[in-house]
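Now for the letters of each chain:
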Amino acid sequence: MSGSGADPVVDLRLDRAHSARMYDWYLGGHTNFAADREAAGKVLAVYPAARTAARLTRQLTHRVTRFLAREGMRQFLDIGTGIPTPPNLHEVAQEVRPEARVVYVDNDPIVLAHAAALLRSHTAGRTAYVQADATVPESVLRAPLLHATLDLGEPVALSLNALLHFVTDDGCDRAHAIVECFKSAVPSGSTLAMTHATADLTPTEMARITEIYVRAGTPFQSRSKAEFTRFFDGWELVEPGVVLSHAWRPDGPAEPLPPGADVCYAAVARKP
Ligand SMILES: C[S@@+](CC[C@H](N)C(=O)[O-])C[C@H]1O[C@@H](n2cnc3c(N)ncnc32)[C@H](O)[C@@H]1O
């Protein structure tokens with residue numbers, strides 16, 4: 001176990017909706033408040049499959065983590081962790097590799113407030129929580145707790161699941177620049193796993209969802225398949241490449257989904 005690198009005084013900003021707490025509500029959690037439930041309810045009204053979509057994203061994280069641990073990855077950097085929802089990434093990784101080391105990163109004070117659940121590591125491994133803003137990659141990459149937990153000279157599994165649609169480009173390709181910073185900080189053999197919302201299949205619903213998030217004070221930008229694929233430039237995509245999240249190495253026969261339910265692309269790539 002490590003710890004969290006944050007100021008104990010937190011302002012939860014309960015007066016406005018936040019992506020982590022809305023996601024918690026979609027997943028059936030209890031760490032959400034009136035403003036979150038109101039905004040999430042509006043999303044559900046225009047996109048009734050929102051809860052299914054959140055579950056598919058979460059399941060994708062589990063499948064990818066299990067796959068990477070089985071492939072030999074022992075170090076994980078999970079950026080945009082979310083409110084702890086069992087099983088958490090380290091629990092999945094350490095089930096395969098008890099010695100796995102995991103650093104969680106989020107900027108939501110409520111995730112920090114619940115970080116204890118992320119720090120219950122297998123004794124053979126180690127976990128840490130870093131409170132930092134992913135849009136300032138140096139604040140993550142220079143965090144002492146990160147270096148106390150992970151060796152950036154050895155391969156690292158980067159996980160940026162359901163994070164980057166909360167990072168708008170504002171005309172300057174910001175999200176891709178951020179991902180490039182993280183990619184360049186890790187050595188050959190490292191991996192990048194991502195899920196990301198797209199408007200490719202349900203443009204009308206995604207436009208309304210974007211509007212609801214933005215009005216609630218949370219920046220939101222869906223991206224096309226080409227834009228998503230560009231995040232992995234220079235790295236080798238693992239089979240099956242870029243697909244909708246439910247189609248990435250499913251555990252069994254595909255479950256029947258309501259039309260348009262899966263609105264997230266997923267992919268994993270390896271640094272040559
Ligand atoms: C939808 S949740 C995804 C949780 C988890 N990765 C998953 O896929 O199940 C998105 C998370 O990203 C976090 N987040 C959003 N913007 C962030 C930023 N700039 N820096 C760090 N975390 C951020 C939110 O607080 C939230 O916990």
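Looking at an unreviewed UniProt entry, one finds the chain named SAM-dependent methyltransferase, with Streptomyces gamaensis as its source organism.

Right, let's talk about the packing of helix 3 (residues 50-70) against helix 4 (residues 89-96) for a bit. Interhelical geometry of helix 3 versus helix 4 gives an angle of 35° and a closest axis separation of 9 Å. Between helix 3 and helix 4 lies a crossing whose hand is right-handed. Residues Thr-61, His-62, Thr-65, Arg-66, Ala-69 and Arg-70 of helix 3 form the contact with helix 4, whose participating residues are Leu-89, Val-92, Ala-93 and Val-96.

Looking now at the side chain of His-62. Mapped onto the fold, His-62 is located in helix 3. When neighbours within four sequence positions are excluded, His-62 is seen to be in contact with Pro-87 and Val-92.

Okay, the site of the ligand next. By nearness alone, 21 residues border the ligand, and Tyr-23, Gly-80, Asp-106, Asp-133 and Ala-134 come closest of all. Gly-82 has a polar backbone atom sitting 3.2 Å from an oxygen atom of the ligand. Here the ligand, which alone exposes 600 Å², has 96% of that area covered by the protein. Mapped onto the shell around the ligand, the elements with two or more residues apiece are helix 1 (19-26) and helix 3.

Okay, unusual backbone geometry next. Cis geometry marks the peptide bond from Pro-86 to Pro-87; its omega dihedral reads -5°. You can see Pro-87 is positioned in the loop between strand 1 (75-79) and helix 4. In this model, Asp-170 sits at a positive phi of 50°, which is unusual for a non-glycine residue. Within the secondary structure, Asp-170 is located in the loop between strand 4 (157-161) and helix 8 (174-184). Judged by relative accessible area, which is 61%, Asp-170 ranks as exposed. Even without being glycine, Arg-249 reaches a positive phi, approximately 40°. Mapped onto the fold, Arg-249 is located in the loop between strand 7 (243-244) and strand 8 (264-270).

Okay, the packing of aromatic side chains next. Per the counting criterion, the structure on display carries eight aromatic pairs. Between Phe-166 and Phe-220 the ring centres are 5.7 Å apart and the planes differ by 75°, which places this aromatic pair in the edge-to-face class. Of this pair, Phe-166 sits in the loop between strand 4 and helix 8 while Phe-220 sits in the loop between helix 9 (203-215) and helix 10 (225-230), placing them 54 residues apart in sequence. The class for Phe-220 is buried, based on a relative accessible area of 8%. Centroid distance Tyr-213 to Phe-220: 4.9 Å. Interplanar angle 20°. Geometry classified as stacked. The pair formed by Tyr-213 and Phe-220 is uniform in burial state, with each residue classed as buried. What links up through ring pairs into an aromatic cluster is the set Phe-228, Phe-231, Phe-232 and Tyr-265. Just above the ring of Trp-25 sits the side chain of Arg-51; from NZ or CZ to the centre is 4.0 Å. Above the ring of Trp-248, the side-chain terminus of Arg-249 is found at 5.5 Å from the ring centroid.

This brings us to the pattern of salt bridges. All told, the structure shown has ten salt bridges when counted by the stated rule. Linking Glu-38 and Lys-42 is a salt bridge whose minimum nitrogen-to-oxygen distance equals 3.6 Å. Of this pair, Glu-38 and Lys-42 both sit in helix 2 (residues 34-46), four residues apart, roughly one helical turn. Relative accessible area serves as the criterion here: at 45%, Lys-42 is assigned to the partly exposed category. Arg-270 is paired through a salt bridge with Glu-71; the nearest N and O atoms lie 3.3 Å apart. With a gap of 199 residues between them, Arg-270 in strand 8 and Glu-71 in the loop between helix 3 and strand 1 connect regions that are remote in the sequence. The exposure class assigned to Arg-270 is partly exposed, which follows from its relative accessible area of 24%. Here the salt bridges share partners, and the residues they tie into one network are Arg-74, Arg-97 and Glu-99.

Parameters at a glance
Residues numbered from 1 in each chain as written. Predicted model: local features only at pLDDT ≥ 70, side-chain atom pairs only at ≥ 80, totals over all residues. Heavy atoms only, no water. Axes fitted to C-alpha atoms, helices over the stretch in contact; angles between N-to-C directions. Helix = DSSP H or I, 4+ residues; strand = E, 2+ residues; numbered from the N terminus. Left-handed = near helix turned anticlockwise from the far one by under 90°. Contact = heavy atoms within 4.5 Å. Near = heavy atom within 4 Å. Polar contact = N/O pair within 3.5 Å; in protein donor to acceptor, adjacent residues only side chain to side chain. Areas by Shrake-Rupley, 256 points an atom, 1.4 Å probe, with all protein chains shown as cover. Buried < 20%, exposed > 50% of the residue type's maximum accessible area, 1.4 Å probe, protein only. Phe/Tyr/Trp six-rings, centres within 6.5 Å; stacked < 30°, edge-to-face > 60°. Lys NZ or Arg CZ within 6 Å of the ring centre and 35° of its normal. Salt bridge = Lys/Arg side-chain N within 4 Å of Asp/Glu carboxyl O.

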